[in-house]
There are 2 protein chains.
Amino acid sequence: MARDSAAEGAAQPGLTRQMLVAAGLRVLEREGISGLSMRKVAAELGVKAASLYWHVRNKEQLLDLLTDGLMADAEPPPRQGDWREQLREYSLRYRRHLLAKRDSAKVVAGRLTLGPNLLRLMEEQLDRLREAGFSDADAALANYLLGAFVQGFVLQEQSPISASETEGASRSEVARAAADRLRGLPETAFPNLVALAGDLTAPSMDDRFAFGLERLLDGLAALLTENHAHPTPEPAPLEGKPSPHE
Amino acid sequence: MARDSAAEGAAQPGLTRQMLVAAGLRVLEREGISGLSMRKVAAELGVKAASLYWHVRNKEQLLDLLTDGLMADAEPPPRQGDWREQLREYSLRYRRHLLAKRDSAKVVAGRLTLGPNLLRLMEEQLDRLREAGFSDADAALANYLLGAFVQGFVLQEQSPISASETEGASRSEVARAAADRLRGLPETAFPNLVALAGDLTAPSMDDRFAFGLERLLDGLAALLTENHAHPTPEPAPLEGKPSPHE
DNA sequence: ACCTGAACACCGTTCAAGT
DNA sequence: ACCTGAACACCGTTCAAGT
């Protein structure tokens with residue numbers, strides 16, 4: 001159940017959540033996500049694995065804490081420039097931030113934690129979005145969208161192209177091999193893959209990210225201009241109605 | 001090393017890769033990704049874990065095979081409608097397809113396999129994109145972007161909101177709790193989070209997906225119209241130059 | 001050529017017991 | 001209040017040995 005406030009004047013615990021998080025981040029950086037075990041985190045603290053369970057319910061909860069810890073030194077959107085530049089810069093920096101921390105996306109992905117560090121970033125981003133003229137609802141949706149985009153993208157980026165053939169092989173070697181593979185496909189069945197073999201494999205991850213980001217920003221910009229112009233078939237936020245898949 | 005062609009007239013192997021994949025998919029559906037172990041897959045086939053290693057190098061390779069197996073019955077983009085409708089419909093269906101298979105996104109995410117089933121889908125999607133008038137380079141980038149978007153999104157969607165508080169609690173209860181949490185923040189430090197507490201927590205995943213998808217499609221549409229109008233600061237695909245982070 | 005037994009080096013988690 | 005020893009029920013992978 002893990003106390004939050006050490007109410008009584010208890011002897012200082014020797015271990016704190018903050019120490020678990022710091023140790024967890026060190027293990028993650030050193031050994032990657034596959035090496036991030038409760039036992040190793042405990043060892044990092046000079047303690048036995050069972051001890052961690054006094055401070056944390058289970059490994060999932062530790063991962064939640066690590067998720068917010070990974071955001072600790074992420075920079076919020078800048079203040080100079082128009083909203084496009086602000087959001088572009090923020091997204092690029094956020095991506096670099098995640099890329100710099102080993103396997104960070106694997107920890108963060110699919111984990112919506114709302115820890116203090118994430119809240120700080122959200123607050124700033126929402127500020128820029130509203131300043132830009134987005135409605136409250138659009139600002140909220142855009143905030144989610146941008147976060148999901150960057151996290152999802154880095155997740156792909158931090159994983160080996162195809163785990164089964166990760167043995168050696170540089171970035172460009174893998175791309176060359178993929179291109180050859182596509183070019184060698186039966187042309188009658190896969191005319192487009194054969195024709196675009198080069199285009200599909202040439203772009204760097206930087207290129208792909210930049211492309212996606214500019215498309216997203218263009219899409220958001222369209223919200224500001226056409227406002228109520230042509231009717232995009234966007235589903236109204238159906239009230240209580242249960243969603244189809246549940 | 002796992003043979004591909006059973007060259008000699010060897011006695012039929014009893015086990016085949018296809019059987020591994022089918023068994024793996026059954027285990028995944030029944031027990032989720034945390035229950036997907038080599039031992040359980042083996043048991044599903046009435047065999048011992050060590051036997052699998054004759055047919056497959058390791059678990060990673062089996063996951064690669066499962067990734068393509070998950071695409072087996074995914075539907076390609078439809079032919080009716082304009083390109084926007086085609087891509088919208090395809091993305092919506094692809095999302096539903098992944099959502100319908102337990103933990104599929106956790107298997108698929110960060111795994112670019114280029115198996116036969118994925119190739120089939122790519123071929124069709126590239127066809128629609130080129131038909132719509134996108135350049136080869138843009139079609140290739142858009143193809144990657146849409147795939148990454150849907151996969152990344154479903155990954156968030158298939159994970160519990162916050163793993164540490166997954167005990168019971170329905171969709172709407174979690175949303176309510178999050179809203180209350182945001183509303184309760186210190187207003188001077190987090191004015192936007194407090195003001196948008198409702199907007200941030202109200203949208204369903206359907207809403208969020210639709211929003212992101214329409215923004216992406218708008219962004220792609222802009223590529224077709226303005227073509228060379230105003231200069232978006234898109235980095236030229238720098239030739240051999242090493243990327244900053246490596 | 002294909003499968004198994006047995007082992008190695010790990011896991012997350014629980015819980016009685018210590019201090 | 002906090003930490004440990006010891007155990008339980010698992011993992012992925014290897015490899016000599018069987019057929």
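Residues numbered from 1 in each chain as written. Chains lettered and ligands numbered in written order. Predicted model: local features only at pLDDT ≥ 70, side-chain atom pairs only at ≥ 80, totals over all residues. Heavy atoms only, no water.

So, the protein's contact with DNA strand C
To be explicit about the condition: The cutoff for a nearby residue is simple: one of its non-hydrogen atoms must lie within 4 Å of the molecule or strand. In protein, a polar contact means a hydrogen-donor-capable atom and an acceptor-capable atom, both N or O and within 3.5 Å, with residues adjacent in sequence counting only if both atoms are side-chain atoms; elsewhere, any N or O pair within 3.5 Å suffices. A run of H or I in DSSP becomes a helix once it reaches four residues, and a run of E becomes a strand once it reaches two; helices and strands are each numbered from the N terminus.
Taken together, 20 residues lie around DNA strand C, and A:Arg39, A:Tyr53, B:Pro13, B:Ser51 and B:His55 are the ones closest in. Among atoms of DNA strand C positioned within 4 Å of the protein, sugar and phosphate together represent 59%. Between DNA strand C and the protein, one listed contact pairs a phosphate oxygen with a side-chain N or O atom of A:Tyr53 at 2.7 Å. At a separation of 3.3 Å, a phosphate oxygen of DNA strand C approaches a polar backbone atom of B:Leu15. Among the elements that line the surface near DNA strand C, the one with the most residues is helix H3 (residues 49-55) of chain B, at four residues.

Examining the domain arrangement of chain A
Residues and elements named next belong to chain A. Put simply, the test is: Here the bounds of each domain stem from an automatic or database domain assignment. Two parts placed together each lose some accessible area; with a 1.4 Å probe, that loss summed over both constitutes the buried area. Just to be clear on terms, a salt bridge is a Lys or Arg side-chain nitrogen sitting within 4 Å of an Asp or Glu carboxyl oxygen. The residue classification treats Ala, Val, Leu, Ile, Met, Phe, Trp, Tyr, Cys and Pro as nonpolar and Asp, Glu, Lys and Arg as charged. All others, Gly included, are polar.
Once the domains are mapped, chain A shows domain 1 (2-69) and domain 2 (73-228). A buried area of about 1,100 Å², summed over both sides, lies between domain 1 and domain 2, and 50% of it is on carbon and sulfur atoms. At the boundary of domain 1 and domain 2, one finds two salt bridges. The shortest N-O distance in the salt bridge between arginine 111 and glutamate 60 comes to 3.0 Å. Seen at the junction of domain 1 and domain 2, the total is seven residue pairs in polar contact (both at pLDDT 80 or more). Taken together, the elements giving at least two residues each to the side of domain 1 that touches domain 2 come down to helix H1 (17-31) and helix H4 (59-70). For the side of domain 1 that touches domain 2, the element with the highest residue contribution is H4, accounting for six residues. Tallied by class, the residues present in the side of domain 1 that touches domain 2 amount to four nonpolar, two polar and six charged.

A closer look at the environment of A:Ser104
Residue and element names in this part refer to chain A. Here is the rule we go by: Residue contacts are defined here by distance: any two heavy atoms, one from each residue, within 4.5 Å place the two residues in contact.
Structurally, serine 104 is set in helix H6 (residues 104-108). Those residues in contact with serine 104 that lie beyond four places of it in its chain are Leu70, Leu98, Leu99 and Gln158. At a separation of 2.6 Å, a polar atom in the side chain of serine 104 contacts the main-chain carbonyl oxygen of leucine 98.

Focus: unusual backbone geometry
Definition in use: Using a 1.4 Å probe on the protein chains alone, a residue whose accessible area is under 20% of its type maximum counts as buried, one over 50% counts as exposed, and one in between counts as partly exposed.
Not every positive phi belongs to a glycine, and A:Asp103 is a case in point at roughly 60°. Of note, B:Leu114 is a non-glycine position whose phi angle comes to about 55°, a positive value. Here B:Leu114 lies in the loop between helix H6 (104-108) and helix H7 (116-132). Among the residues examined, B:Leu114 registers a relative accessible area of 15% and is labelled buried.

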